[in-house]
Amino acid sequence: MATPTPLSRLFTVVLTGVLAGLVLAVAALPGNLLLGFAAKAALGNYAALPEALRTPATPQRSYLYANDGKTLITTFYDVNRTDVALAEIAPVMRQAIVAAEDRRFYDHGGVDLRGMLRAVVSNVTEGSGQGGSTLTMQYVRNVLKTDPNRTAEERAAATEPTIGRKLQEIRYANALEQRLGKDEILNRYLNIAYFGSGAYGVAAASQRYFSKAPADLTLAEAALLAGLVQSPEAYSPIDGDADAALERRGYVLDSMVETGAITADQAAEARAEKLTLDPSEQANGCAATAGGRDGWGFFCDYLRRWWVAQPEFGDTVQEREQALRRGGYTVVTTLDPKIQATAQRQATGIYGYDNPRAVPIAAVEPGTGRVLAMAVNRHYSLDGNPDGQVNYPNTVNPLISGGAGVAGYQAGSTFKLFTMLAALESGRTLSTGFDAPSRLPTRYAAEGEGSCDGRWCPANANPEWMDGYRMMWDGFGRSVNTYFVWLAEQVGPEKVVEMAQRLGITFRAESDADFAENDAADWGAFTLGVAATTPLDLANAYATVAAEGTYCAPLPVVSVTAPDGQRLPVGDPDCREVLDPDVARAATDAARCPVGQQSAFGQCNGGTATAVNRILDGRPVAGKTGSSDQAATESFVGYTPQVAVAGIAANPDDPTDSVGAAVQARVIDAVARIIGTAVEGQPEQSFTPPTRELAGTPRRPVDRDPLTDPRRADDDPLSDLRRWFRDRTRG
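Residues numbered from 1 in each chain as written. Predicted model: local features only at pLDDT ≥ 70, side-chain atom pairs only at ≥ 80, totals over all residues. Heavy atoms only, no water.

## With respect to helix α22 (residues 493-502)
Part 1 of the reasoning: Looking only at α22, the buried set comprises Pro-493, Val-496, Val-497, Met-499 and Ala-500. Buried residues along α22 cover an arc of 160 degrees about the axis, so they all sit on one side.
Part 2 of the reasoning: Buried positions along α22 lie against α18 (416-425), α21 (481-491) and α23 (510-518).
Part 3 of the reasoning: Positive backbone phi, approximately 100 degrees, marks Gly-504, located one or two places after α22. (Buried < 20%, exposed > 50% of the residue type's maximum accessible area, 1.4 Å probe, protein only. Helix = DSSP H or I, 4+ residues; strand = E, 2+ residues; numbered from the N terminus. Arc of directions from axis to C-beta. Contact = heavy atoms within 4.5 Å.)

Structure representation (structure tokens):
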């Protein structure tokens, strides 16, 4: 409350005089007539009260918790307040606010004639600017000026210095007193009054000034808070005048003695206490995550963007944003603190915060779509960066989930999964074979490097290890480019693109979206992961396979509860079957090969991420590596039946900056260790093998002999013996 000006003092004197005259006139009416009139008017007035007064809709802070329901991520608020029941407020706090603001609160019917007359005298003799408002009248004014359902003009009108407004306030207060008990009105008042330093309501004030719950306030603390209400900004010991706050505290203590709430000795003891504050700043928004936890802000931002897309929270984005900041919701999110901590540690272990390269990582739960972790080596912050550093160490761009101008990163051969799924769905089997050459001339027109006689001509990265007769098992395990480009040609690239979209891959880059819509049939390179994607999309796509074909939209919440305890229908997984379960199982059987494990049919013979099997100590796992052209990015996706994790090493600001092949091993290690944390303590779950029908009959070309062909020698369990025999017979 600002210091009253001479003009406002004059108005208050006139107004209180007029109101006192009105009250005296009403008091002079015959008793029976007055009672009858009052009862009739009160009933009528209550029915006509604004909805906010009958059913309070005051703005409250929304809380975001991790999936344990206890670990606070952050809060959202325009007005820092949280409702608490009267029983949760220390009795001395209730007594202090009555003594400070309305000593006759329990004696009047909403309008205090004596208080008004006393205000007139005080205004005339002392120029105090008192208005004679009761707690009930103050409550009415506070509700109307903060009602989120009113326009800004209507809220401003609630404090206009007019006689009409004051008379309306009296009518509303009288109507409330006829229907509500004194304790209910006191409770509502304590939950809405402004205590300065951004704290609305006693719960927020207790935390702001003393870092404690209102139930734990001492007499001295309660008297201090109660004294702030008259002039919150001026008296605030944090932002205002601490000496004035102590002086006002003494006034409240004296008033409590006069009301009989405490003894003179208790007041003297409390007055002698030094001002001891323990202020706490309430986190507000994603850039102020509780405890300064790095990485949590990116998850928080993803949740906020999910929230404003939900029609349950309003008809427009603006209404939904307002609901989050003013609705008082309790949101239990899907974020797992333990997995998140490991993911953040792994991301920053590869690249530091001040490195232009980044490793965004996402973890998703198969079968629910719940996002368990989102980490990257960046501070989620609006703080500036050193000259020349565009997005590091600070950024609020969605580097992990994409959107808001972030298209994502090429994920290389991880996209071969979509080709394999499309082929399996078309009726081909895991044993579909092809003699993969070092380079494969295709039907797609191309010029320049990578072309053969005007045709796109992709090559294998390691011909000595990759070339030769391959099936889906070892083609996927060894990441054979020419095998999968050939397979995509057989199936049709448009079906591969459609499969990726079906599993949740979103084309955020305009060029990718255009290709997908208009040229998918000629997008032969799609299988090699040339489209931009994000770790979240990629993890969720692989989670769909882990869930045996059940796609679930990525979900950041477990539950959302309104202030009245009602749980909103927004935390349930949104899932549907997008693949035949046996097709998904077959793809997983082949995906055991890259990570150094064996398929159900014994057809794995080499992998690009075999360290994963060692790190997870043989626990059933599947996955795929990916390297984009010239090692511009390096990726790995791994999954078990319980979790899918994806990580991509890239430079978000400069796609021409190649991260180099050497970092892939570190990305693989990081993802595997995050999976290890996610499944720690959980029972080991095996993958269900596909049917023999979908596996097909593994075969070798008739012109190849594993005894004399070194490219196939390591497929055979007796390879060492055969190699020994071959070497001896040559001489």
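## Considerations on the pairing of strand β19 (residues 644-649)
Part 1 of the reasoning: Counting buried residues in β19 gives 6 out of 6 residues, a clear majority hidden from the surface.
Part 2 of the reasoning: In β19, alternate side chains face the same way, and those of Ala-644, Ala-646 and Ile-648 on one face and Val-645, Gly-647 and Ala-649 on the other are all buried.
Part 3 of the reasoning: In this sheet, β19 lies alongside strand β4 (residues 361-364) in antiparallel orientation, the contact comprising 4 bridges. For Val-364, the partnering residue across the bridge sits in β19 and is Ala-644.
Part 4 of the reasoning: The pairing of strand β18 (residues 634-639) with β19 spans 6 bridges and is classified as antiparallel. Opposite Gly-638, over in β19, you have Val-645 as the bridge partner. (Pairing = 2+ DSSP bridges.)

## Some thoughts on the nonpolar core
Part 1 of the reasoning: If you look at the biggest cluster of nonpolar residues, it comprises 110 residues, and the most contacted ones within it are Trp-307 and Phe-418.
Part 2 of the reasoning: The residues contacting Phe-418, other than those within four sequence positions of it, are Val-496, Met-499, Ala-500, Leu-503, Ile-505 and Ala-541.
Part 3 of the reasoning: In terms of nonpolar packing, the next biggest core, distinct from the first, is built from 61 residues, Tyr-172, Ala-173, Val-202 and Ala-203 among them. (Core = buried A, V, L, I, M, F, W, Y, C linked by side-chain atoms within 4.5 Å.)

## Brief notes about the packing of aromatic side chains
Part 1 of the reasoning: Going through the model one piece at a time under the given rule, you end up with 22 aromatic pairs.
Part 2 of the reasoning: Between Trp-307 and Phe-313, the aromatic rings sit 3.6 Å apart at their centres with planes inclined by 5 degrees, giving stacked as the arrangement.
Part 3 of the reasoning: Residue classification places Phe-313 among the buried residues on the basis of a relative accessible area of 5%.
Part 4 of the reasoning: An aromatic cluster is built from Phe-415, Phe-418, Phe-507, Phe-515, Trp-523 and Phe-526, whose rings are joined through pairwise contacts.
Part 5 of the reasoning: Above the plane of the ring of Phe-105 lies Lys-182, whose end atom (NZ or CZ) is 4.5 Å from the centre.
Part 6 of the reasoning: In this structure, Lys-624 is placed above the aromatic ring of Phe-476, and the distance from its NZ or CZ to the ring centre is 5.6 Å. (Phe/Tyr/Trp six-rings, centres within 6.5 Å; stacked < 30°, edge-to-face > 60°. Lys NZ or Arg CZ within 6 Å of the ring centre and 35° of its normal.)

## Some thoughts on the sheet that holds β4
Part 1 of the reasoning: On the basis of which strands lie adjacent, the open sheet formed by 5 strands has the order β5-β4-β19-β18-β17 and antiparallel pairing. Among the strands making up the open sheet, the edge pair consists of β5 (371-375) and β17 (622-627). Sheet twist, expressed as the average angle between the axes of neighbouring strands with direction ignored, equals 5 degrees.
Part 2 of the reasoning: As paired elements, β4 and β5 share 4 bridges and run antiparallel to each other. Among the inter-strand pairings, Ala-363 is bridged to a residue of β5, identified as Ala-373.
Part 3 of the reasoning: Contacts between helix α27 (residues 664-679) and the sheet are confined to β4, β17, β18 and β19, with β18 contributing the most and set at about 25 degrees to the helix. (Axes fitted to C-alpha atoms, helices over the stretch in contact; angles between N-to-C directions.)

## Regarding the state of the cysteines
Part 1 of the reasoning: One pass over the full model with this rule turns up 4 disulfides.
Part 2 of the reasoning: One disulfide in the model links Cys-452 with Cys-457; its S-S distance is 2.3 Å. The sign of the -80 degrees torsion about the S-S bond sets the Cys-452-Cys-457 disulfide as left-handed.
Part 3 of the reasoning: Covalently, Cys-593 is tied to Cys-604 through a disulfide, its sulfur atoms 2.0 Å apart. Between Cys-593 and Cys-604 the sulfur-sulfur dihedral comes to about -75 degrees; the bridge is accordingly left-handed. (Disulfide = S-S within 2.5 Å.)

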